[in-house]
Each structure stands twice: as C-alpha cells, then as structure tokens.
Amino acid sequence: MSNTLASINIAFIGAGSMAEAVIRGLIDKGGVQGERIFVANRSNAARLQELQQTYGIRYTQDEAAKEQAIRQADVVVIAFKPKDAAEGVRLLRGLLNERQLLVSVIAGLSIETISGLLENPRMPVVRTMPNTSSTIGLGATGISFSAAVNAEQRQIATDMFRSTGIVSIVDEPLLDTVTGLSGSGPAYIYFMMEAMIEGGVQGGLNREEARRLTVQTVLGAARMVETTGEEPAELRRKVTSPNGTTQAALELMAGRGFSETVTQAVLRSAERASEIGAAISDSVTSQNK
Ligand SMILES: NC(=O)C1=CN([C@@H]2O[C@H](COP(=O)(O)OP(=O)(O)OC[C@H]3O[C@@H](n4cnc5c(N)ncnc54)[C@H](OP(=O)(O)O)[C@@H]3O)[C@@H](O)[C@H]2O)C=CC1
Ligand SMILES: O=C(O)[C@@H]1CCC=N1
C-alpha cells in the first residue's frame, strides 16, 4: 500500500448518504482526487452518475470492470445498510486480498462477522462509526482495528477519517456507544432544533427568522464549549440568571425528564447497534448450518 492518503485508490461499495459524506470530506479536506475514488452500488445508476458529476469519482456499469476496480483498490469501504451486509460482504470474498484494507461504516457489524463472511481472519479490517457531519469536515468518527491491520494501514484509515473531522480510536465494543453518541447524535441535535424553531414560530417569529436564530444558537453554543474549554454545565450556569427566563425553561425541561431522556436515547441507540450486529451474526450462523 502507498503511504499517503492522496496517493491511494479507494473503492466505496454503497453510494448512499454516508458514502457521500465521507467522499466529500476526503475530496474537500483530504486532498484526495475524485478519480482516485471508485464508487459502486447495487442498482441505482442515476445515483452513481450524480456522484460522478458532483465529485468526479469513477464508476462503471460493467460487472467485470467493477470487480477489477475493487481488486485494484488499496482501501475498500463498505457503506451499505446492515440488512444488506451479509450478502454485500460475501460478494467481496473472492475480490479482496490481504494487502488491501477493508473499512466498514456499517452500524453494529462486528469485525468478527466481517472476517467470518470473508472466510479470512487475516484480512485487515477497520470498523468505523462516522457521522454525516463528515460532509463538511466536522465529522466525529470512532475507529477500531482488527489484529491484522498494520501500522501503515492504521495511519491511512486514521488519516482518511481525520480528513473528515475528528477521530477517536476505541476498543471495538465501545463502537456501539460511539454510535449512540456521535453516529446518531446529529439527529438528536436536529430534533432539538426542530423543536426550538417550532417554539420560535409559536411565539410569533416567522419560520425563517426562527431558523436563523436557532442555527446560530446551536453553532455558538458548540463553539463556546470548544473555544473556552469550560464544561457545558458551567456555561449553562452562566446563561441561567436566578429566577430568570432560562431557569424557568430548564425547570420545565428537567420536570419532563430532558436529561434522562437524552442519556437514555444515547444508550438505546448503542443497544440497537448491538442488536443489529447480533441479528447479522445470527443470520450468518443460521445460513451456514
Ligand atoms: N446515515 C448516517 O448518519 C450513518 C450511517 N452509517 C452507516 O452507513 C451505512 C449506510 O447508510 P446510508 O448511507 O445512510 O444508507 P443509504 O440507504 O443511503 O445507502 C446504502 C447504499 O448501499 C447500496 N447497496 C446496498 N446493497 C449493496 C450491495 N450488495 N452492493 C453494493 N451496494 C449496495 C445501495 O445501493 P442501491 O441504492 O443501488 O440499492 C445504496 O447506495 C449503514 O450501514 C449505516 O449503519 C454510519 C454512520 C452514520
Ligand atoms: O440510524 C442508523 O442506524 C445509522 C447509524 C448511525 C446513524 N445512522
């Protein structure tokens, strides 16, 4: 494998929103040329054409050429839905070799299940959990490596996802928690933003103004935590005047179980990732019987 991100060939199998988020980050922030990225999916040719027009990636409709591109890639990223994982990974069985690196972004799918589906425990596998903010270089990605991943491959995988944001290297079981926190996390913030906008509208603002104020509030709050280094709880206290408006709002939120709900949501998402992983593993085991 070559040793810089800009000089490797990357094949994405799966062309959905997560693949696009990583591709855009790699091109915009990682200095990867579009022509070094090959993208394949199952059937949606219009989607591949759209990605080619937007990012200059390569794709083909020819099955033999597709297999050739996968064989020639330094890194193969699997980015299909968990329900398609068993079939999708099996199809790669005869195409991959141990000099390549297989990177998964699939929630719940364990390294052990991937190795089992490939029937090759020596295949270097990187399991990751990125998020959609990778699109703009503000992603947060958890990464775990199989024992077969060498130091250079670790660097490549880390560089790939660093080009899309921050990277946290964790033990594999913790990737489910990363899924609950930062993988699903953008949706929690969007949910909160939807509700804030609605509050602004119900209070009489027009929707566009409510949206603008909400976006800046969320951006500013995140940036304050990052820039000041202060704990969110401390910053919250600074907003909250005794017996003032914020206190009234926070008391209502606390009374309706806001903190507990968000904490439990993170843990439920993590649990769901584990359930999804177990379901794939069980389906593979029953098919092998
Ligand atoms: N969305 C998110 O926020 C995040 C998603 N993930 C993970 O990313 C993965 C993809 O999610 P997302 O991008 O949202 O999904 P999408 O449904 O947007 O995309 C799935 C893609 O996989 C393709 N596909 C399905 N089966 C195969 C196959 N056998 N061979 C090749 N391509 C195949 C589909 O092609 P076609 O349309 O032709 O069928 C489609 O392009 C999931 O496993 C998810 O857990 C991880 C972190 C965050
Ligand atoms: O909802 C999902 O299953 C995926 C994984 C993390 C974010 N989206």
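Residues numbered from 1 in each chain as written. Chains lettered and ligands numbered in written order. Predicted model: local features only at pLDDT ≥ 70, side-chain atom pairs only at ≥ 80, totals over all residues. Heavy atoms only, no water.

Scanning the protein chain from terminus to terminus reveals 12 helices and 7 strands. Along the longest, intermediate and shortest principal axes, the C-alpha atoms of the protein chain span 70 × 45 × 35 Å. In the protein chain, which comprises 289 residues, the proportion classed as buried is 42%. Of the roughly 15,700 Å² that the protein chain leaves accessible, carbon and sulfur atoms contribute 53%. Between the averaged position of the 28 positive side-chain charges in the protein chain and that of its 31 negative side-chain charges there is a distance of 2 Å. (Helix = DSSP H or I, 4+ residues; strand = E, 2+ residues; numbered from the N terminus. Buried < 20%, exposed > 50% of the residue type's maximum accessible area, 1.4 Å probe, protein only. Areas by Shrake-Rupley, 256 points an atom, 1.4 Å probe, with all protein chains shown as cover. Lys, Arg positive; Asp, Glu negative; His and termini not counted. Charge placed at Lys NZ, Arg CZ, Asp CG, Glu CD.)

It is worth spelling out the packing of helix α8 (residues 185–202) against helix α9 (residues 207–228) at this point. One way to put it is that α8 packs onto α9 with a least axis distance of 9 Å and a crossing angle of 135 degrees. The angle between α8 and α9 places the two elements in the oblique class. Taken as a pair, α8 and α9 cross one another with a handedness that is right-handed. Contacts from Ile189, Met193, Met196, Ile197, Glu198, Gly200 and Val201 of α8 reach α9 at Arg207, Ala210, Arg211, Thr214, Val215, Thr217 and Val218. Partitioning the contact of α8 with α9 into residue classes produces 8 nonpolar, 3 polar and 3 charged. (Axes fitted to C-alpha atoms, helices over the stretch in contact; angles between N-to-C directions. Parallel < 35°, antiparallel > 145°, perpendicular 65-115°, else oblique. Left-handed = near helix turned anticlockwise from the far one by under 90°. Contact = heavy atoms within 4.5 Å. Nonpolar A, V, L, I, M, F, W, Y, C, P; charged D, E, K, R; others polar.)

Turning to the UniProt feature "binding site: NADP(+)" (unreviewed entry) in the protein chain, a few remarks are in order. Here the UniProt-annotated "binding site: NADP(+)" (unreviewed entry) positions come out as Ile13, Gly14, Ala15, Gly16, Ser17, Met18, Ala79, Phe80, Lys81 and Pro82. These annotated residues cover 70 residues of sequence, but their C-alpha atoms sit close together, with the largest distance between any two at 14.1 Å. Of note, glycine 16 is situated in the loop between β1 (10–13) and α1 (17–29). (UniProt positions renumbered as here; feature names shortened; annotations may be inferred.)

Compared with an ideal rise of 1.5 Å per residue, which puts 31 residues at 45 Å, helix α12 (residues 258–288) spans 45 Å between its outermost C-alpha atoms and is within 8% of the ideal. Of the positions making up α12, those classed as buried are Val266, Ser269, Ala270, Ala273, Ile276, Gly277, Ile280 and Val284. In the core, the buried residues of α12 are packed alongside α4 (85–91), α5 (111–118), α7 (175–183) and α8. (Expected span 1.5 Å × (residues − 1).)

In this section: a nonpolar patch on the surface. Together, Met192, Met196, Phe258 and Val262 make up an exposed nonpolar region whose accessible area comes to about 290 Å². Secondary structure elements with two or more residues in the nonpolar patch: α8 and α12. The topology assignment puts valine 262 in helix α12. (Patch = residues over 30% accessible without salt bridge, like charges linked within 9 Å, V, L, I, M, F, W, Y side chains within 5 Å. Salt bridge = Lys/Arg side-chain N within 4 Å of Asp/Glu carboxyl O.)

Glancing now at the domain arrangement of the protein chain. According to the domain assignment, the protein chain consists of domain 1 (5–176) and domain 2 (185–266). Computed from C-alpha coordinates alone, the two centres of domain 1 and domain 2 are separated by 35 Å. (Domains from an automatic or database assignment.)

So, on to α8. The terminal C-alpha atoms of α8 lie 26 Å apart, and with 18 residues this matches the ideal 26 Å at 1.5 Å per residue to within 8%. Where α8 is buried, its residues touch α7 and α9. Count one or two residues on from α8 and you reach glycine 204, which has phi positive near 115 degrees.

Another aspect to go through is the pattern of salt bridges. The final tally for this structure, using the stated rule, is 19 salt bridges. Glutamate 198 is the salt-bridge partner of arginine 207, the closest N and O atoms lying 3.2 Å from each other. When its relative accessible area of 47% is taken as the criterion, arginine 207 is described as partly exposed. Residue glutamate 234 pairs with arginine 237 through a salt bridge whose shortest N-O separation is 3.4 Å. On the criterion of helical spacing, the pair formed by glutamate 234 and arginine 237 is a turn pair, its members being 3 residues apart in helix α10 (residues 232–239). The class of glutamate 234 is partly exposed, set by a relative accessible area of 30%. In the salt-bridge network here, residues are joined through shared partners; they are Arg268, Glu271, Arg272 and Glu275.

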